[in-house]
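# A look at the structure
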Amino acid sequence: MTKQHANWSPYDNNGGSCVAIAGADYCVIAADTRMSTGYNILTRDYSKISQLAEKCVMASSGFQADVKALQKVLSAKHLTYQHQHNKEMSCPAMAQLLSNTLYYKRFFPYYAFNVLGGLDSEGKGCVFTYDAVGSYERVGYSSQGSGSTLIMPFLDNQLKSPSPLLLPAKDAVTPLSETEAVDLVKTVFASATERDIYTGDNLEIVILNASGIRREYMDLRKD
Amino acid sequence: MKLDTSGLESFPSLISHGNDVVGEFEAPPSFELPNSNDFDGFLKEAIQMVKPAKGTTTLAFIFKEGVMVAADSRASMGGYISSQSVKKIIEINPYMLGTMAGGAADCQFWHRNLGIKCRLHELANKRRISVTGASKLLANILYSYRGMGLSVGTMIAGWDETGPGLYYVDSEGGRLKGTRFSVGSGSPYAYGVLDSGYKYDMSIEEASELARRAIYHATFRDGASGGVASVYYVGPTGWKKLSGDDVGELHYHYNPVTPSTVEQEMVEATGP
């Protein structure tokens, strides 16, 4: 008796790519705004980025219904934390919370590929990259989503930072300035849009630094 | 279903097969086959069961001065390298380390959980937990999730009142006490180097060099291992990270490049 396979899957992949780059005193998080299913575009105008705390922003690609649910769960947990501790969560604390939230659904995962970006308690940029079940690490830059295999090698080439595992330790943040990092992100998405069908339409960029949060938008190819 | 294997016999058998003892050895070779309608599907599922270990090389061994723990830092998703800087040696508490092989999230989560349980044990009992106890806590948790798809192949290394301790614990529920272990797809290569160079009476420098070499050789031959080779030492005062070296650089450290005389001549000829 051959194994029966399900005719319906609870998951769908809405495509898209996200990128985050950590700087000495800033963090850039960007994602395209195309939401697709199969070969169809559902909308050209969907934000994959959500601000979890004052200095903490998350970008997620994958199944947007799971992403929306995850964002809501994290906001609720953050609110509870604020009531209990009388302060906002720091970015590394939020990173651990996201990891645990993802792992608690280990046997029915959130189909979400996340990058978390923000400023740590010293004001330095930090980026955390995740897999779908919650394994995470702090890195200098990362990309996730359908275009990540195209984007990552390019970021490695431009930004390759020394591994945090090296001893004697070397700093992991990029030497680029804020404007250079934003330009790099724009270049990266323009290239990914050329070769990935699920990436395009518009680019949303969020820049976090000591003076607060700033948003920029850029047009991408709509084909 | 039985295959016709008469073509595999090299010569017709002249001796009668009356004797029970030698009967099995002299019988014509044949393949045992499963009783299944979908032979192809069965094979596919069987291969899934014995799928090769996750891309990693980790190792740990006990020697005279304590425990040496080493690992690479590559994470792969199929053929794509998702990270070259994964921390595979997890600091459970200041005197105990765990290694990561298998599912990254499973290892990270359950090691952190183990650290919490160890701390609670300290608070409840006013003494540190032993390595035996800690590994048993983890093994019991993993056993309870047996068959649910967790993938964990870890070594718990530490120093407690009885001295150095090393246990191998996996998601099948296995727990083994031992003095030398290597886990992961690169482990055969690491074992080769580790076993041939191991002596109980090594100094800390010799042991860390052996561990580093073993990881380097595994990353050289195993595509799923690479990145940075980290080496930790666990002694009576706790663990200490001894080194973290990029394996690409280690390659040229162990195999220095000396330009040959022919190359040098050609460089001179094309000079200004």
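Quick caveat: nothing in here was measured; it's all calculated off a predicted structure.

## What about the overall build of chain A?
Per the secondary structure count, chain A includes four helices and twelve strands. A compact globule built from 223 residues would reach a C-alpha radius of gyration of about 17 Å, and chain A, at 17 Å, matches this within 12%. By its C-alpha atoms, chain A is 60 × 45 × 35 Å across when sized along the principal axes. For chain A, with 223 residues in total, the buried portion stands at 52%. Within chain A, residue pairs in contact and separated by at least 24 positions form 62% of the contacts whose partners lie at least 6 positions apart. Once the 21 positive and 23 negative side-chain charges of chain A are each reduced to a mean point, those two points are 5 Å apart.

## What to know about the overall build of chain B
Along chain B, the regular secondary structure elements total eight helices and twelve strands. Taking all 272 residues of chain B together, the buried fraction comes to 43%. Expressed as a percentage of contacts within chain B between residues at least 6 apart in sequence, the contacts between residues at least 24 apart total 61%. Accessible surface computed for chain B: about 15500 Å², of which carbon and sulfur atoms make up 56%.

## Quick word on the nonpolar core
All names here are of chain B. Of all hydrophobic cores here, the largest spans 27 residues; its most connected members are Met96, Trp110, Leu114, Cys118, Leu138, Leu142 and Ile156. Residue assignment for this core shows that the elements contributing at least two residues are strand S5 (89-93), helix H3 (104-125), helix H4 (131-144) and strand S8 (163-170). Setting aside residues up to four positions removed in sequence, Leu138 forms contacts with Trp110, His111, Leu114, Thr154, Ile156 and Val169. By size, the runner-up hydrophobic cluster in this structure holds 23 residues, among which are Ala70, Ala190, Tyr198 and Ala211.

## Comments concerning the pattern of salt bridges
Oppositely charged side chains are able to pair whenever their charged atoms sit close together. Residues and elements named next belong to chain A. One pass over the full model with this rule turns up 21 salt bridges over all chains. For Arg214, the salt bridge is made with Glu178, and the minimal N-O distance between the two is 2.7 Å. Here Arg214 is found in strand S12 (residues 212-219), whereas its partner Glu178 is found in helix H4 (residues 178-195), with 36 residues between them in sequence. Residue classification places Arg214 among the partly exposed positions, given a relative accessible area of 35%. The residue Asp219 makes a salt bridge to Lys222 at a minimum N-O spacing of 3.8 Å. Using a relative accessible area of 57% as the deciding quantity, one classes Asp219 as exposed.

## Here we look at the interface of chain A and chain B
Contacts between the two partners involve 23 residues from chain A, matched on the other side by 28 residues from chain B. When the two sides are added together, the surface that chain A and chain B hide from each other amounts to roughly 2000 Å², 59% of it contributed by carbon and sulfur. Viewed at the interface, chain B and chain A are joined by one salt bridge. At the surface where chain A touches chain B, the tally comes to ten residue pairs in polar contact (both at pLDDT 80 or more). Residue assignment for the side of chain A that touches chain B shows that the elements contributing at least two residues are helix H2 (91-103), strand S9 (136-139) and helix H3 (148-159) of chain A. Broken down by class, the residue content of the side of chain A that touches chain B amounts to eleven nonpolar, eight polar and four charged.

## Remarks on the packing of aromatic side chains
The final tally for this structure, using the stated rule, is 19 aromatic pairs over all chains. Pairing Tyr103(A) with Trp110(B) gives two aromatic rings, centres 6.3 Å apart and planes at 85 degrees, and the pair type is edge-to-face. With Tyr103(A) in helix H2 and Trp110(B) in helix H3, the pair connects residues from two separate chains. Across this residue pair, the class does not change: Tyr103(A) and Trp110(B) are buried. Each residue in the set Tyr103(A), Tyr104(A), Phe107(A), Phe109(B), Trp110(B) and Tyr145(B) is aromatic and connected to the rest through ring pairs, giving one cluster. One cation-aromatic arrangement involves Arg128(B) over Tyr95(B); the distance from NZ or CZ to the ring centre is 3.9 Å. Here the guanidinium or amino end of Arg213(B) rests over the ring plane of Tyr254(B), the centre of that ring lying 4.2 Å away.

## Some details on the UniProt feature "active site" (unreviewed entry) in chain B
All names here are of chain B. Here the UniProt-annotated "active site" (unreviewed entry) positions come out as Thr56. Note on placement: Thr56 falls in the loop between helix H2 (39-49) and strand S1 (58-63). The class of Thr56 is buried, set by a relative accessible area of 4%. Discounting residues that sit within four places of it in the chain, Thr56 has contacts with Asp72, Arg74, Lys88, Met100, Ala101, Val183, Gly184, Ser185, Gly186, Asp222, Ala224 and Ser225. Side chain to side chain, Thr56 and Lys88 meet in a polar contact 2.8 Å long.

## Considering the sheet that holds strand S7 (residues 153-160) of chain B
Residue and element names in this part refer to chain B. Pairing is antiparallel across the open sheet formed by five strands, whose spatial order is S5-S6-S7-S8-S9. Only two strands of the sheet have a single neighbouring strand rather than two, namely S5 and strand S9 (175-177). Taking the axes of each pair of neighbouring strands and ignoring which way they run, one obtains an average angle of 20 degrees across the sheet. The pairing of S8 with S9 spans three bridges and is antiparallel.

## Considering a nonpolar patch on the surface
Together, Ile116(B), Leu120(B) and Leu123(B) line one region of the surface with nonpolar side chains, adding up to about 300 Å² of accessible area. Summarising the element assignment, Leu123(B) is placed in helix H3.

Conventions adopted
- Residues numbered from 1 in each chain as written.
- Chains lettered and ligands numbered in written order.
- Predicted model: local features only at pLDDT ≥ 70, side-chain atom pairs only at ≥ 80, totals over all residues.
- Heavy atoms only, no water.
- Helix = DSSP H or I, 4+ residues; strand = E, 2+ residues; numbered from the N terminus.
- Rg over C-alpha atoms; globule rule 2.2 N^0.38 Å.
- Buried < 20%, exposed > 50% of the residue type's maximum accessible area, 1.4 Å probe, protein only.
- Contact = heavy atoms within 4.5 Å.
- Lys, Arg positive; Asp, Glu negative; His and termini not counted.
- Charge placed at Lys NZ, Arg CZ, Asp CG, Glu CD.
- Areas by Shrake-Rupley, 256 points an atom, 1.4 Å probe, with all protein chains shown as cover.
- Core = buried A, V, L, I, M, F, W, Y, C linked by side-chain atoms within 4.5 Å.
- Salt bridge = Lys/Arg side-chain N within 4 Å of Asp/Glu carboxyl O.
- Buried area = accessible area lost by both parts, 1.4 Å probe.
- Polar contact = N/O pair within 3.5 Å; in protein donor to acceptor, adjacent residues only side chain to side chain.
- Nonpolar A, V, L, I, M, F, W, Y, C, P; charged D, E, K, R; others polar.
- Phe/Tyr/Trp six-rings, centres within 6.5 Å; stacked < 30°, edge-to-face > 60°.
- Lys NZ or Arg CZ within 6 Å of the ring centre and 35° of its normal.
- UniProt positions renumbered as here; feature names shortened; annotations may be inferred.
- Pairing = 2+ DSSP bridges.
- Axes fitted to C-alpha atoms, helices over the stretch in contact; angles between N-to-C directions.
- Patch = residues over 30% accessible without salt bridge, like charges linked within 9 Å, V, L, I, M, F, W, Y side chains within 5 Å.

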